[in-house]
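# Summary of the model geometry
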Amino acid sequence: GAVVSQHPSRVICKSGTSVKIECRSLDFQATTMFWYRQFPKQSLMLMATSNEGSKATYEQGVEKDKFLINHASLTLSTLTVTSAHPEDSSFYICSARDGASGRYEQYFGPGTRLTVT
Amino acid sequence: KQEVTQIPAALSVPEGENLVLNCSFTDSAIYNLQWFRQDPGKGLTSLLLIQSSQREQTSGRLNASLDKSSGRSTLYIAASQPGDSATYLCAVKEAGTALIFGKGTTLSVSS
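Residues numbered from 1 in each chain as written. Chains lettered and ligands numbered in written order. Predicted model: local features only at pLDDT ≥ 70, side-chain atom pairs only at ≥ 80, totals over all residues. Heavy atoms only, no water.

Check the secondary structure of chain B and you find zero helices and 11 strands. When the elements of chain B are put in sequence order from the N terminus, they spell out β-β-β-β-β-β-β-β-β-β-β. Here the C-alpha atoms of chain B give a radius of gyration of 13 Å, agreeing with the 13 Å that 2.2 N^0.38 yields for 111 residues. Expressed along its principal axes, the backbone C-alpha trace of chain B runs to roughly 40 × 25 × 20 Å. By residue count, 45% of the 111 residues in chain B fall in the buried class. Intrachain contacts of chain B at a sequence separation of at least 6 include 54% that bridge at least 24 residues. Summing over all exposed atoms, chain B offers an accessible surface of approximately 5,200 Å²; the carbon and sulfur share of this is 48%. Each charge sign in chain B was given a centre, from 9 positive and 9 negative side chains, and these centres are 5 Å apart. (Helix = DSSP H or I, 4+ residues; strand = E, 2+ residues; numbered from the N terminus. Rg over C-alpha atoms; globule rule 2.2 N^0.38 Å. Buried < 20%, exposed > 50% of the residue type's maximum accessible area, 1.4 Å probe, protein only. Contact = heavy atoms within 4.5 Å. Areas by Shrake-Rupley, 256 points an atom, 1.4 Å probe, with all protein chains shown as cover. Lys, Arg positive; Asp, Glu negative; His and termini not counted. Charge placed at Lys NZ, Arg CZ, Asp CG, Glu CD.)

Okay, structure coming up:
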C-alpha cells in the first residue's frame, strides 16, 4: 500500500514552454502533498506544501507564479512549471502524506526528470 | 531553522564490512526521523522510520538508532553487499512540517 505515482517520468521541453507534472496517491487519501526539487548530487529541497482545496504554501525563494501547484482532490496534485528555462532543469519529486494513519509518514513518488533545452 | 547534516558525504568499503552512517540535526523537537535510499536518477525508497518516542528500528541488515536529546541518528548496515551501493538520505520531521533532508551519504561497496 501507500503508493504514489508521478507522470511523466521524463520530459524534455523547449525554453519558454510550460510543463505539467502530475502526482497521484493511488491507495490512500493525501490531505497534504509536498513538492521537492533535487539538483544533481544535491539533496531534496522542499518547494511547496499543498493542502487539498487550499492554496499552496511556498518555501522562501520559490516563485509561486512560476511553479503553479494545484491540489484539487485528495488523490491528485499537479505542478506546472511555467515559461520554463534551462535553469529549471531538475529532478522533481512529489510526496504525499497519509494523515489518517496517525504516523504522518510521507510517501514519495518516483520523480520526474525535467530537461529544458 | 532545522538543519540536517550527514557524515561522511561519501564512503567506499569492501564487500562484507559493517558500516555506520551518521546523521545529526540541530533542533531536537522532531516528530520522527526517516532513512531513505536513492539510486542514481531514481526516486526514494524508505528504509526505516523512527518515531520520536523510539530509540531504534531494525529491518533485515539495517538498524537505525535515534538519540533525540543529542540530535543524532545512525544507520548501521551489516555485512555490506555491492547491491547496497546508493545514496542514503536522512530526513527529520517536525510537527506540522514536511520532511527536511540532509545531503546524503553516497556509499560504494566493492566486490
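Picking up where we left off.
Next up on the list: the interface of chain B and chain A. Taken together, the contact pairs 20 residues of chain B with 18 residues of chain A. Roughly 1,400 Å² is buried in total at the junction of chain B and chain A, and carbon and sulfur atoms are behind 54% of that figure. Area buried by chain B at its contact with chain A is led by Leu44, Ala98 and Phe101 of chain B, which between them contribute 27% of it. Of all the secondary-structure elements, those providing two or more residues to the side of chain B that touches chain A are β4 (32–38), β5 (44–51) and β9 (86–93) of chain B. (Buried area = accessible area lost by both parts, 1.4 Å probe.)

Residue and element names in this part refer to chain B. All told, the structure shown has four salt bridges over all chains when counted by the stated rule. Note that arginine 61 is salt-bridged to aspartate 84, the shortest N-O span being 2.8 Å. On the criterion of sequence distance, the pair formed by arginine 61 in the loop between β6 (56–59) and β7 (62–67) and aspartate 84 in the loop between β8 (72–77) and β9 is long-range, its members being 23 residues apart. Of the residues examined, arginine 61 reaches a relative accessible area of 29% and is grouped as partly exposed. (Salt bridge = Lys/Arg side-chain N within 4 Å of Asp/Glu carboxyl O.)

Before going further, it helps to spend a moment on the nonpolar core. Judged by nonpolar contacts, the single largest core of 25 residues is most densely connected at Val4, Trp35, Phe67, Leu79, Tyr92 and Leu114 of chain A. Those elements giving two or more residues to this core turn out to be β2 (10–13), β3 (19–25), β4 (32–38), β5 (44–51), β7 (67–73), β8 (76–81), β9 (90–97) and β11 (112–116) of chain A. Ranked by size, the runner-up nonpolar core spans 23 residues in total, among them Leu48, Ile50, Leu66 and Cys90 of chain B. (Core = buried A, V, L, I, M, F, W, Y, C linked by side-chain atoms within 4.5 Å.)

This next bit is on the sheet that holds β8 of chain A. All names here are of chain A. Spatially, β1-β3-β8-β7 is the arrangement adopted by the four strands of the open sheet, whose pairing is antiparallel. A single partner strand is all that each edge strand has here, and the edge strands are β1 (4–7) and β7. Between one strand and the next, the sheet's axes are offset by a mean angle of 15°, whatever the strand orientation. (Pairing = 2+ DSSP bridges. Axes fitted to C-alpha atoms, helices over the stretch in contact; angles between N-to-C directions.)

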